[in-house]
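Chain by chain, the residues:
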Amino acid sequence: MNIEKNDIFKYKNNFKKYSHVKSWLNFGDPNYKSKPHLTIAIPTYKRPEMLKEAIDSALNQKDFDDYEIIVVDNDSECISQISKTEELIKNYNNPKILYYKNDENLGIYGNWNRCIELARGKWYTMLHDDDLLLEDFLTEVFKLIKNTPKISCVKARHYIYDQRIDAKKKKFKEKLKNLRGKVQRYNELDFLISNPIGGPVGIVMEREKALAIGGFNEEYYPSSDYVFFTNYCTKYNIYYYNKVLCFYRISKNESLNNGTMIKATRVHYDVINILRGKNNFRNFFFKEYSLYFSLRALKEIKSLWRVEVKKEEMQFLGDNPRLNPLVYYFYFIFKGLWILKRSIPLRPFKKKRTFKNIISRVKNLKFSLLKLK
């Protein structure tokens with residue numbers, strides 16, 4: 001798929017495609033809390049065991065009670081009978097929970113969009129049925145929202161549970177994340193250089209703005225979330241909160257096979273080229289960055305899946321996808337420096353950059369670096 005220039009920034013109503021599909025409320029009373037402050041939406045499909053853990057984590061939030069939980073079941077095969085998922089929900093008998101079932105399977109992103117439509121809170125967060133929230137997730141996030149002007153989206157740091165990655169390597173990556181500042185505002189360059197959101201868990205955003213963007217576009221599968229939040233960042237404020245408040249589990253499924261990961265690389269390749277084309281300096285500086293990013297991604301695919309990427313799968317990179325070694329290592333060093341720059345602790349409020357403040361920030365960075373030793 002070739003993304004036309006600036007296509008991702010054009011509004012497209014991704015809710016309309018499935019507007020004919022009904023989502024039936026099978027359990028719960030919407031009048032119990034007609035205007036919750038926040039909605040925790042859990043899209044699910046045939047994973048009742050994992051779903052139970054996700055719901056438990058959503059119910060166990062402390063010092064924050066003004067929220068609803070909606071479970072949107074995409075298993076249309078059991079529409080005429082009670083499924084294990086429905087039995088699970090009824091066993092909770094909790095007034096916070098509303099359980100919907102689609103009468104047609106909407107696909108992954110169609111169900112994500114339906115979750116946004118069914119949510120009633122001003123604020124919205126999506127929790128995958130195999131992910132978990134820590135008990136202070138809502139308390140911590142809304143503390144930040146309250147103290148940060150014009151904030152419209154918060155991404156809390158998540159811990160990745162991924163059996164494919166060596167334990168020592170994973171531990172080192174987590175230590176690297178400790179270098180980052182406590183609160184940071186993302187900008188377009190963050191989305192050009194990498195995917196700063198990562199797993200789409202621990203994100204609280206204004207529901208109306210998600211609707212205004214048009215939802216998730218399944219044409220960009222399997223990176224529709226990356227495209228969505230890149231688009232969101234160009235229009236609204238996204239802040240990163242460097243505190244582990246949720247768990248993101250990576251398990252074997254169709255979104256992690258070799259061919260799908262190559263599709264994801266292709267989407268990133270196109271989006272990087274769109275973002276770099278927004279001004280002349282970016283166009284010059286990041287001229288070869290999409291190729292660098294793709295070559296690194298393909299190398300990682302080979303490492304994780306131990307397979308050779310076929311030549312025809314790399315056609316989007318051209319006939320001879322090679323990069324000058326000097327350019328390759330220049331971007332490699334640049335990306336490292338960019339991460340280092342983002343590691344200097346920032347505050348959500350603007351302050352004068354006095355000499356005293358700069359020295360304080362550098363000292364904080366040195367203290368963080370010592371944690372790696």
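See above for the structure.
A short tour of the structure in this document, coming up. (Residues numbered from 1 in each chain as written. Predicted model: local features only at pLDDT ≥ 70, side-chain atom pairs only at ≥ 80, totals over all residues. Heavy atoms only, no water.)

Overview of the nonpolar core
Counting residues in each nonpolar core, the largest one holds 60 residues, and the members touching the most others are Phe-191, Phe-229 and Tyr-289. For Phe-191, the residues in contact, after removing those within four places along its chain, are Tyr-186, Pro-196, Ile-197, Tyr-226, Phe-229, Thr-230, Cys-233, Ile-238 and Leu-275. (Core = buried A, V, L, I, M, F, W, Y, C linked by side-chain atoms within 4.5 Å. Buried < 20%, exposed > 50% of the residue type's maximum accessible area, 1.4 Å probe, protein only. Contact = heavy atoms within 4.5 Å.)

Details of a nonpolar patch on the surface
Together, Tyr-329, Phe-332, Ile-333, Leu-337 and Leu-340 make up a nonpolar patch on the protein surface, roughly 500 Å² of accessible area in all. In this fold, Phe-332 is placed in helix 12 (residues 325-343). For Phe-332, a relative accessible area of 39% corresponds to the partly exposed category. (Patch = residues over 30% accessible without salt bridge, like charges linked within 9 Å, V, L, I, M, F, W, Y side chains within 5 Å. Areas by Shrake-Rupley, 256 points an atom, 1.4 Å probe, with all protein chains shown as cover. Salt bridge = Lys/Arg side-chain N within 4 Å of Asp/Glu carboxyl O. Helix = DSSP H or I, 4+ residues; strand = E, 2+ residues; numbered from the N terminus.)

A look at the packing of aromatic side chains
In total, this model carries 29 aromatic pairs according to the counting rule given. Ring centres 5.1 Å apart and planes at 80° place the aromatic pair Trp-112 and Phe-216 in the edge-to-face group. Of this pair, Trp-112 sits in helix 3 (residues 107-118) while Phe-216 sits in the loop between helix 7 (207-213) and helix 8 (224-235); the two residues are 104 residues apart in sequence, bridging distant segments of the chain. Trp-112 gets classed as buried once you look at its relative accessible area, which sits at 7%. Relative to Tyr-240, the ring of Tyr-186 has its centre 5.9 Å away and its plane inclined at 40°; by these criteria the two rings are tilted. One end of the pair, Tyr-186, is in the loop between strand 8 (183-185) and helix 6 (188-193); the other, Tyr-240, is in strand 10 (residues 239-250), and 54 residues separate them in sequence. For Tyr-186, a relative accessible area of 3% gives the class buried. (Phe/Tyr/Trp six-rings, centres within 6.5 Å; stacked < 30°, edge-to-face > 60°.)

This is a description of form; function is not addressed.
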